[in-house]
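Each chain is listed here by its residues.
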Amino acid sequence: GSNDGSLLESLQNRAVRFLGVDPTDVTKVAIDKGLNTITDWFDESTADKIEREYGKAKIITCLNTFAHTSHLDSIMKGIEKLLTEYLFCSLFDNK
């Protein structure tokens, strides 16, 4: 998830549209920074809500997400719903 918005901060002053999604209360930190963030699990249902409210995405990133989920199928279906024709990137920290 987008956690406290650390990655999103680098986008804040650029001419790009972004949305962070994270299921934990740490999203309050991102929201307090003025970062467009919703507190929810990302899955197919959340993707439907995001599409209705924000539209589709050209880029979707996941940071260390797949290793910490039991609903990978729903995440991938949500990504498929939201992603237009550009890029999906999954990053992980293997420290």
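Residues numbered from 1 in each chain as written. Predicted model: local features only at pLDDT ≥ 70, side-chain atom pairs only at ≥ 80, totals over all residues. Heavy atoms only, no water.

Colleague: Where do I start with helix 3 (residues 44–54) in this structure?
Modeller: Structural remark: α-helix, 3.6 residues per turn; residues separated by three or four positions point the same way. Those residues of helix 3 that sit buried are Thr46, Ala47 and Ile50. Axial view of helix 3: buried residues confined to an arc of 100°, hence all on one face. One or two steps after helix 3, the chain reaches Gly55, where phi turns positive at roughly 90°. (Buried < 20%, exposed > 50% of the residue type's maximum accessible area, 1.4 Å probe, protein only. Helix = DSSP H or I, 4+ residues; strand = E, 2+ residues; numbered from the N terminus. Arc of directions from axis to C-beta.)

Colleague: Would you explain the packing of helix 3 against helix 4 (residues 72–82) in this entry?
Modeller: The axes of two packed helices give the description: the angle between them and the distance between them. At a minimum axis distance of 7 Å, the contact between helix 3 and helix 4 shows a crossing angle of 20°. The orientation of helix 3 relative to helix 4 falls into the category roughly parallel. Handedness of the helix 3/helix 4 crossing: right-handed. Across the interface between the two elements, Glu44, Ala47, Asp48, Ile50 and Glu51 from helix 3 touch Ser74, Lys77, Gly78, Lys81 and Leu82 from helix 4. In the contact of helix 3 with helix 4, the residues fall into three nonpolar, two polar and five charged. (Axes fitted to C-alpha atoms, helices over the stretch in contact; angles between N-to-C directions. Parallel < 35°, antiparallel > 145°, perpendicular 65-115°, else oblique. Left-handed = near helix turned anticlockwise from the far one by under 90°. Contact = heavy atoms within 4.5 Å. Nonpolar A, V, L, I, M, F, W, Y, C, P; charged D, E, K, R; others polar.)

Colleague: Just checking my understanding: could you explain helix 4 for this structure?
Modeller: Listed as buried for helix 4 are Ile75, Gly78, Ile79 and Leu82. The buried side chains of helix 4 occupy one side of the element, clustering within an arc of 100° when seen end-on. Those residues of helix 4 that are exposed and aimed more than 90 degrees away from the buried face are Asp73 and Glu80.

Colleague: Can you walk me through the environment of Lys49 in this structure?
Modeller: Inspection of the secondary structure assignment puts Lys49 in helix 3. For the pair Lys49 and Tyr86, spaced 37 residues apart in sequence, the C-alpha to C-alpha distance is 20 Å.

Colleague: How do you make sense of the pattern of salt bridges when you look at a structure like this?
Modeller: This structure, assessed with the given rule, holds seven salt bridges. For Lys81, the salt bridge is made with Glu44, and the minimal N-O distance between the two is 3.5 Å. Of this pair, Lys81 sits in helix 4 while Glu44 sits in helix 3; the two residues are 37 residues apart in sequence, bridging distant segments of the chain. Connected through salt bridges with shared partners, the residues Glu44, Asp48 and Lys81 form a single ionic network. (Salt bridge = Lys/Arg side-chain N within 4 Å of Asp/Glu carboxyl O.)

What is shown is where atoms sit, not what they do.
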